[in-house]
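Survey of secondary and tertiary structure
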Amino acid sequence: MGRLFAIEIIYRGIFQKTLARNISRAIVLAAHKEGKPGISFGRYGDSPERNGIPAKSFAIVATDDVTLEEGMAKYEPKDVDITICVDDTLAKGVESWAWYGLQPVNKLLKPGGTLIVTSRLEADPIIAMCHRKETPYEMAILKAIPSFSGLWVYKDDHTDVRILGAIAKILPDLFSLKSVQAAITDEWHDAVKVTSAARAYEKLTTVTVKPTQGNPEVPFKFDLPKWHEMGEGIVIPSIPAGHKMEDPGTHATGGYKPDRNPTFKKFSTRTMRPVVDFDTCIKCTLCWLQCPDSCFDVTPEGLYDANMEACCGCGVCEAVCPVPNCVTMVNESSFHDNASQWVAWRKDKTNYKGWVQEKIKGHGERSHGFRYLGQYEEQVPEMLDIATKG
Amino acid sequence: MAIATVVEQQKGTEETALITGSEAIAVACKLADVDVITAYPIRPYDTVMQYICKLVANGEMDCEYIVAEGEHSQFEIVKHASAAGARVFCGSSGVGWMYAMEALTVTPALRIPMIAMVGNRALDDPGAFGVEHNDALAVRDLGWQLVWVDNAQEALDTALIAYRVAEDRRIFLPCAISCDGAFLTHSQAVVKIPSQEQVNKFLPRYNRGDLLLHPDNPITVAPQGNEDWVMEIRRQNYAAIERSYGVIKEAYAEFEKIFGRSYGNPFFEEYMTSDADIVLMGMGTLSTPVKVAIRKMRDEGKKVGFVRMRWFRPFAAEDLAKCLSRFKAVGVIDRDYSMGSPYNSGVLATEVRTALYCGSGAKPPVLGFIAGLGGREVTVPDVEKITASVQQAAQGKTQPLTQWIGLRE
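The model shown is predicted, which means the values in this text are computed figures rather than measured ones. (Residues numbered from 1 in each chain as written. Chains lettered and ligands numbered in written order. Predicted model: local features only at pLDDT ≥ 70, side-chain atom pairs only at ≥ 80, totals over all residues. Heavy atoms only, no water.)

Secondary structure summary: chain B contains 13 helices and 17 strands in total. Taken over C-alpha atoms, the radius of gyration comes to 21 Å for chain B, in line with the 22 Å a tight globule of 409 residues would show. Each of the three principal axes of chain B carries a C-alpha extent, and together these read 65 × 60 × 45 Å. In chain B, which comprises 409 residues, the share counted as buried stands at 57%. Expressed as a percentage of contacts within chain B between residues at least 6 apart in sequence, the contacts between residues at least 24 apart total 79%. Of the roughly 16,200 Å² that chain B leaves accessible, carbon and sulfur atoms contribute 52%. (Helix = DSSP H or I, 4+ residues; strand = E, 2+ residues; numbered from the N terminus. Rg over C-alpha atoms; globule rule 2.2 N^0.38 Å. Buried < 20%, exposed > 50% of the residue type's maximum accessible area, 1.4 Å probe, protein only. Contact = heavy atoms within 4.5 Å. Areas by Shrake-Rupley, 256 points an atom, 1.4 Å probe, with all protein chains shown as cover.)

Written out as structure tokens, the structure is:
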């Protein structure tokens, strides 16, 4: 049997669907330049047509057809040589529509495999976001503004070809930079893209991530019931209504915290989260009313606490809030847990105020979507800088 | 009985009436105190809705009677009513039944014990009123229990049995009672009408239990499910239809105890088989010309019997294989077609062969006969012709595996 190469691309539904497809297609095309057969496919059970839902594409390449068939006999690869994570907030884990529980971003990596993350951040904060892995692996940061587009538009910022250049560096047995460049020329007829791929190839460096590094949390897991343990008639008992909240200081109870689906958390859909300034909240109820995921818990004093086990990060609360800077969407990579903001505020209001200011100022940039005309143009200097320096 | 002439008042509380097969089903609905009935006209099923309508109008029956704007809605409405705990009745014929196909598909998946009457009718085109069994057979793989009856008394009794079986918590699957268009739906016969007390004793109230769609029992019904769930859901339905075999047996035994009428083996009726060399098989009202022909041939010394399938789903394969292994050859008369199927036989013939192939006993040759399509009469000479061919097969002479009978050629 020959050698089998497997690469997965973890991306966000809709925003990066075209990007992921471009990458997995180009991997197969570049390998084809060296006579290696391959297939490119999206994980069918994912729901890549839904905003921000973590999803996967795969490229499987082999040195010969029989070996490729070995790789194709599985629904998806059980281990991969390279994982490409095209949004750094996905480093916190992946909960797809296709399975149950939170899957660490590095789960499928073979020992010594490489995790490529596109990010503005350095390796260390990304490593801190990733769950710990029993075997060491390599991490490569490809400097980039997270490349988000839409279902009908594509942000052609060279992220795809730069990743291709990076792969040629990490896994030269798969294909050479020359093959990558030939495939890019065939597919896009663009000399600048060929140059972008070469730059990524030249500048790419990796760091080794040890088993002691990373998020020690045990990821949420869920065992599927056996057929005779399931309720009949495709009937599911409803989630109980909810209960009162308790003030961490006074232990007074009140408000309302709805009970939520214990087996489908879906918060890994989030690329940004609301930071709430409880001191300026006027209790208008709009965020609570408009949240499509009912993520706001009502506190005993009638404030609205965005529950990070339920928030999908859509930003509707920010849009409807009538008070300036009361609800601000902040990039998810700025946070390391899902703790209640309200509890932190109740414990120490002065400290909390400082925390809010720091989060809003430091990492206020939204991860996707543009709020005003000209915002895209504002990113161009940074993009050019990344393009030239890598 | 307002809808029929009471011809005789028997001892006790049982009445008799001269009614059609459709009226017999309507009477069963009244006796079962059905809560929600939906209707949309198509011949020959429409006779049932007319009779029930009359019962409601005359104040003899209390139910929600909803005329839908088409068969799809007709079946969807009762599906939802049943989920909310109502005993329901519905029905259709031919392409009307097919128009409801999406609703017919989800009904067993959701474990809805709907009882439907199929007035068997040829599928269009050409537009034809006459009987063919392809309409009801179209749902044979989906979890529907399917039963064919051949007289009005059996129609009434089977409807009551069907409610008891379908609404059993171990089952919760729909059941379609097939009545041949014209031969059964439009011909009157004297039928014994059981008393309400007997029926109440036989038929417990429908209790949807933990699956009840009600504000006091908040549930989600039929959410989206991916490949992690679908096989388990299908397996549950297999378990239910497997259990149905035993629950049907229980119901017939209980029926005999309460009503004093026995149907013997619930799944198929054997006629003059004890000393038979060969047997014919079929479903529904073709039993009449077949039985007449058999009596005639018996007078001529031919040892022919008849096996009439009642329950097609669940299919009593082991029992049938054991039964048929006693004979030298089997001739299956299908009032249906299955285009391009193995040997281009009808549906019943194909399933009988499957049952025999996997049975432990002898495997007599099975000849398939397509007859009586579109309501064409199956005549006594037709049956004699069929029998002659089966006799040849019994003697080891090669016969075509499928023959069309009564065809102009």
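In this section: the interface of chain B and chain A. Interfaces are often sized by the accessible area lost when the parts come together. The interface of chain B with chain A comprises 22 residues on the first partner and 21 residues on the second. Around 1,900 Å² of area is buried between chain B and chain A when both sides are counted, 61% of it from carbon and sulfur atoms. Taken together, chain B and chain A are joined by four salt bridges. A salt bridge links Arg43(A) to Glu227(B); the shortest N-O distance between them is 3.7 Å. Linking chain B with chain A are nine residue pairs in polar contact (both at pLDDT 80 or more). Residue contributions to the side of chain B that touches chain A peak at six residues, all from helix 9 (residues 230–259) of chain B. Tallied by class, the residues present in the side of chain B that touches chain A amount to 11 nonpolar, three polar and eight charged. Where strand 8 (residues 235–237) of chain A lies against strand 10 (residues 219–221) of chain B, three bridges are found, and the strand directions are antiparallel. (Buried area = accessible area lost by both parts, 1.4 Å probe. Salt bridge = Lys/Arg side-chain N within 4 Å of Asp/Glu carboxyl O. Polar contact = N/O pair within 3.5 Å; in protein donor to acceptor, adjacent residues only side chain to side chain. Nonpolar A, V, L, I, M, F, W, Y, C, P; charged D, E, K, R; others polar. Pairing = 2+ DSSP bridges.)

What follows covers helix 2 (residues 65–72) of chain A. Residues and elements named next belong to chain A. Residues of helix 2 that are buried include every one of Thr67, Leu68 and Gly71, and no others. Viewed end-on, helix 2 has its buried residues packed into an arc of 100°, placing them on one side of the element. In helix 2, the exposed positions angled more than 90 degrees off the buried face are occupied by Asp65, Val66 and Glu69. Packed against the buried residues of helix 2 are strand 1 (4–12), strand 2 (38–42) and strand 3 (54–62). (Arc of directions from axis to C-beta.)

In terms of nonpolar packing, the biggest core is built from 113 residues, with Phe89(B), Leu324(B) and Val352(B) touching the most fellow members. Split by domain, this core shows at least three residues from each of two domains, domain 1 (5–259) and domain 2 (268–404) of chain B. Sequence-distant contacts of Leu324(B), defined by excluding residues within four places in its chain, comprise Val279(B), Met281(B), Val307(B), Val330(B), Val352(B), Leu356(B) and Pro364(B). Formed by 40 residues, the second largest nonpolar core is a distinct cluster that contains Ala31(A), Ile84(A), Ile163(A) and Leu177(A). (Core = buried A, V, L, I, M, F, W, Y, C linked by side-chain atoms within 4.5 Å. Domains from an automatic or database assignment.)

Residue and element names in this part refer to chain B. Interaxial distance between helix 11 (residues 317–324) and helix 12 (residues 347–358) falls to 8 Å at its minimum, and their mutual angle equals 80°. Relative to helix 12, helix 11 is oriented roughly perpendicular. Counted together, Ala317, Leu320, Ala321 and Leu324 of helix 11 and Val352, Ala355 and Leu356 of helix 12 form the full contact between these two elements. Tallied by class, residues from the contact of helix 11 with helix 12 come to seven nonpolar, no polar and no charged. (Axes fitted to C-alpha atoms, helices over the stretch in contact; angles between N-to-C directions. Parallel < 35°, antiparallel > 145°, perpendicular 65-115°, else oblique.)

Our focus in this paragraph is the pairing of strand 9 (residues 242–246) of chain A. Pairing of strand 9 of chain A with strand 10 (residues 253–258) of chain A, which is carried by four bridges, proceeds in the antiparallel orientation. For Glu246(A), the partnering residue across the bridge sits in strand 10 of chain A and is Thr253(A).

In this section: the state of the cysteines. Here the structure, examined in full by the defined rule, presents zero disulfides over all chains. Between Cys85(A), a free cysteine, and Cys130(A), which holds the nearest cysteine sulfur, the sulfur-to-sulfur gap is 7.3 Å. (Disulfide = S-S within 2.5 Å.)

Moving on, we come to the domain arrangement of chain A. All names here are of chain A. Its domain assignment divides chain A into domain 1 (4–222) and domain 2 (239–262 + 272–362). Of note, the centres of domain 1 and domain 2, computed from C-alpha atoms alone, are 34 Å apart. If you look at the interface, domain 1 gives five residues, while domain 2 gives seven residues. Summing the contributions of domain 1 and of domain 2, the shared interface buries around 470 Å²; its carbon and sulfur component is 57%. Together, Thr89, Lys92 and Met129 form the three largest contributors to the area buried by domain 1 at its contact with domain 2, with a combined 65%. Our enumeration of links across domain 1 and domain 2 arrives at one salt bridge. For Glu332, the salt bridge identified is with Lys92, shortest N-O distance 2.8 Å. Remark: the boundary between domain 1 and domain 2 carries two residue pairs in polar contact (both at pLDDT 80 or more).

Once that is clear, we can look at the side chain of Ser93(B). Residue and element names in this part refer to chain B. With respect to the helices and strands, the residue Ser93 is situated in the loop between strand 5 (88–92) and helix 4 (94–99). From its side chain, Ser93 meets the backbone nitrogen of Tyr45 in a polar contact 3.1 Å long. Among the polar contacts made by the side chain of Ser93, one reaches the main-chain carbonyl oxygen of Gly119 at a distance of 2.6 Å. If near-sequence neighbours (up to four positions away) are discounted, Ser93 is found in contact with Ile42, Arg43, Pro44, Tyr45, Gly119, Arg121 and Asp135.

This brings us to the packing of helix 7 (residues 152–166) of chain B against helix 9 of chain B. Residue and element names in this part refer to chain B. Where helix 7 contacts helix 9, the axes come no closer than 9 Å and their chain directions differ by 130°. As judged from the angle between their axes, helix 7 and helix 9 are oblique. Helix 7 and helix 9 meet at a crossing whose hand is right-handed. Along the contact surface, helix 7 presents Asp157, Thr158, Leu160, Ile161, Arg164 and Val165, while helix 9 presents Ser244, Val247, Ile248, Ala251, Tyr252, Glu254, Phe255 and Phe259. (Left-handed = near helix turned anticlockwise from the far one by under 90°.)

All names here are of chain B. What the six strands build is an open sheet, ordered 11-13-12-15-16-17; its pairing is mixed. Strands with a single pairing partner mark the edges of an open sheet, and in this sheet they are strand 11 (268–271) and strand 17 (402–404). Averaged over all adjacent pairs, the angle separating strand axes in this sheet is 20°, with direction ignored. Both strand 15 (residues 329–334) and strand 16 (residues 366–370) contribute to a ladder of five bridges, which runs parallel. Within strand 16, the residue paired with Val332 across the bridge is Gly368.

Here we come to the pattern of salt bridges. For the structure on display, the rule yields 47 salt bridges over all chains. In this structure, the salt-bridge partner of Arg270(A) is Glu332(A), at a minimum N-O distance of 3.0 Å. Of this pair, Arg270(A) sits in the loop between strand 10 and strand 11 (272–276) while Glu332(A) sits in the loop between strand 14 (327–331) and helix 9 (341–347); the two residues are 62 residues apart in sequence, bridging distant segments of the chain. We classify Arg270(A) as buried; its relative accessible area is 2%. Close ionic contact of Lys296(B) with Glu384(B) constitutes a salt bridge, the shortest N to O distance being 2.6 Å. Placement of Lys296(B) in helix 10 (residues 287–299) and of Glu384(B) in helix 13 (residues 380–394) is noted, with a sequence separation of 88 residues between them.

Once that is clear, we can look at the layout of surface pockets. There is about 1,300 Å³ of room inside the largest pocket. Lining the largest pocket are 39 residues, with Tyr100(A), Ile236(A), Pro223(B), Gln224(B) and Trp229(B) sitting closest to its centre. Those elements giving two or more residues to the lining of the largest pocket turn out to be strand 8 of chain A together with strand 10 and helix 9 of chain B. In terms of residues, the lining of the largest pocket owes the most to one element, strand 8 of chain A, which gives three residues. Of the residues that constitute the lining of the largest pocket, the class distribution is 19 nonpolar, 14 polar and six charged. (1 Å grid on protein atoms, 1.4 Å probe; cavity = no way out; pocket = protein on both sides within 12 Å on 5 of 7 lines; lining within 4 Å. Points joined across faces, edges and corners; volume = space filled by probe spheres on them.)

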